[in-house]
Amino acid sequence: MRIGILGAGNVGGALGRVWTSKGHEVLFGLPEARGERTRKTLAALGSAARIGSNADAAAFGEILVLTVPWPAAHQAIESSGDLEGKMLIDCTNPLAADLKGLTVGLNTSAGEQVAAWARGAGVVKAFNSIGAGNIGHTDFAGLVADGFYCGDDAAAKATAKGLIADAGFNPVDVGPLRNARWLESLAMLWTDLAVNQRWGTDHAFKLLRR
Ligand SMILES: NC(=O)c1ccc[n+]([C@@H]2O[C@H](COP(=O)([O-])OP(=O)(O)OC[C@H]3O[C@@H](n4cnc5c(N)ncnc54)[C@H](OP(=O)(O)O)[C@@H]3O)[C@@H](O)[C@H]2O)c1
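Residues numbered from 1 in each chain as written. Predicted model: local features only at pLDDT ≥ 70, side-chain atom pairs only at ≥ 80, totals over all residues. Heavy atoms only, no water.

(A) Structural view of the sheet that holds strand S9 (residues 146-151). Strand order in the open sheet made by the eight strands is S3-S2-S1-S4-S5-S6-S9-S10, with mixed pairing throughout. Bordering the open sheet on either side are strand S3 (50-52) and strand S10 (170-173), each of which pairs with just one other strand. Here the average twist between neighbouring strands, direction ignored, is 25°. Where strand S5 (residues 87-90) and strand S6 (residues 122-126) come together, four bridges link them in parallel fashion. Bridging across to S6, Asp90 finds its partner in Lys125. Against the sheet, helix H7 (residues 180-196) makes contact with S5, S6 and S9, and its axis sits at roughly 150° relative to S9, the strand it touches most. (Pairing = 2+ DSSP bridges. Helix = DSSP H or I, 4+ residues; strand = E, 2+ residues; numbered from the N terminus. Axes fitted to C-alpha atoms, helices over the stretch in contact; angles between N-to-C directions. Contact = heavy atoms within 4.5 Å.)

(B) Geometry of the site of the ligand. Around the ligand, the surrounding shell holds 28 residues, and the nearest of these are Gly35, Arg37, Thr38, Gln75 and Ala132. Note that an oxygen atom of the ligand is positioned 2.8 Å from one of the backbone N or O atoms of Val11. A distance of 2.8 Å separates an oxygen atom of the ligand from a polar backbone atom of Ala132. In the complex, 82% of the free accessible area of the ligand, which totals 890 Å², lies under the protein chains. A per-element tally of the shell around the ligand places helix H4 (residues 70-78) first, with four residues. Taken together, the residues that form the shell around the ligand break down as 13 nonpolar, 13 polar and two charged. (Near = heavy atom within 4 Å. Polar contact = N/O pair within 3.5 Å; in protein donor to acceptor, adjacent residues only side chain to side chain. Areas by Shrake-Rupley, 256 points an atom, 1.4 Å probe, with all protein chains shown as cover. Nonpolar A, V, L, I, M, F, W, Y, C, P; charged D, E, K, R; others polar.)

In structure tokens form, the structure reads like this:
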């Protein structure tokens, strides 16, 4: 597929690497002035890294993937142009600056806010409930980490499912987009364990069913 990725940091860079290794074509949408992490991602990707504006990424991608810090999400979407009919995967988490809580939640979510901003797009929440370092490294002693996703657009969800599998995860559909509220809470738990409980980054969630 042709994939536009807004942002090329921890998440965008890791997704770009794993998807290009699977034969997908990626174009990163980025601001003109780029930070250190972005420069490292682009250097590591070498000639596989195509770069443009957010509008270029949206025009290039059959699907657009939002991997920017939450405070930049609105601007990133606004600058992508008309997203009517476009599929969009939202990876963001509205984390508080001290990583001890969420700034959006309970009766809405970043995913739902993104869908309101990206009017007419089929939005799927995915890749938010695990640390970026695990993207492409999803084996945990023989168990594959789950890649939870939710959304209201069946076609976008089917496409996202394939891309989640291509990133090495076991895709798990957890329902409508409003369940982004709980995927973002799950991300908060992952982050709290990693940072505040000092577990580090080698953990993942798995849903068991009988
Ligand atoms: N880190 C994780 O483990 C993880 C896991 C799951 C979900 N998330 C969520 O995923 C999102 C990205 O996290 P991250 O750790 O990848 O962040 P990051 O490393 O800081 O990367 C963010 C990227 O977005 C770019 N960016 C900033 N503003 C932009 C804009 N308006 N348009 C386009 N690109 C823009 C940044 O460019 P410059 O830096 O060059 O300005 C950078 O390339 C966050 O919402 C985070 O909560 C993170």
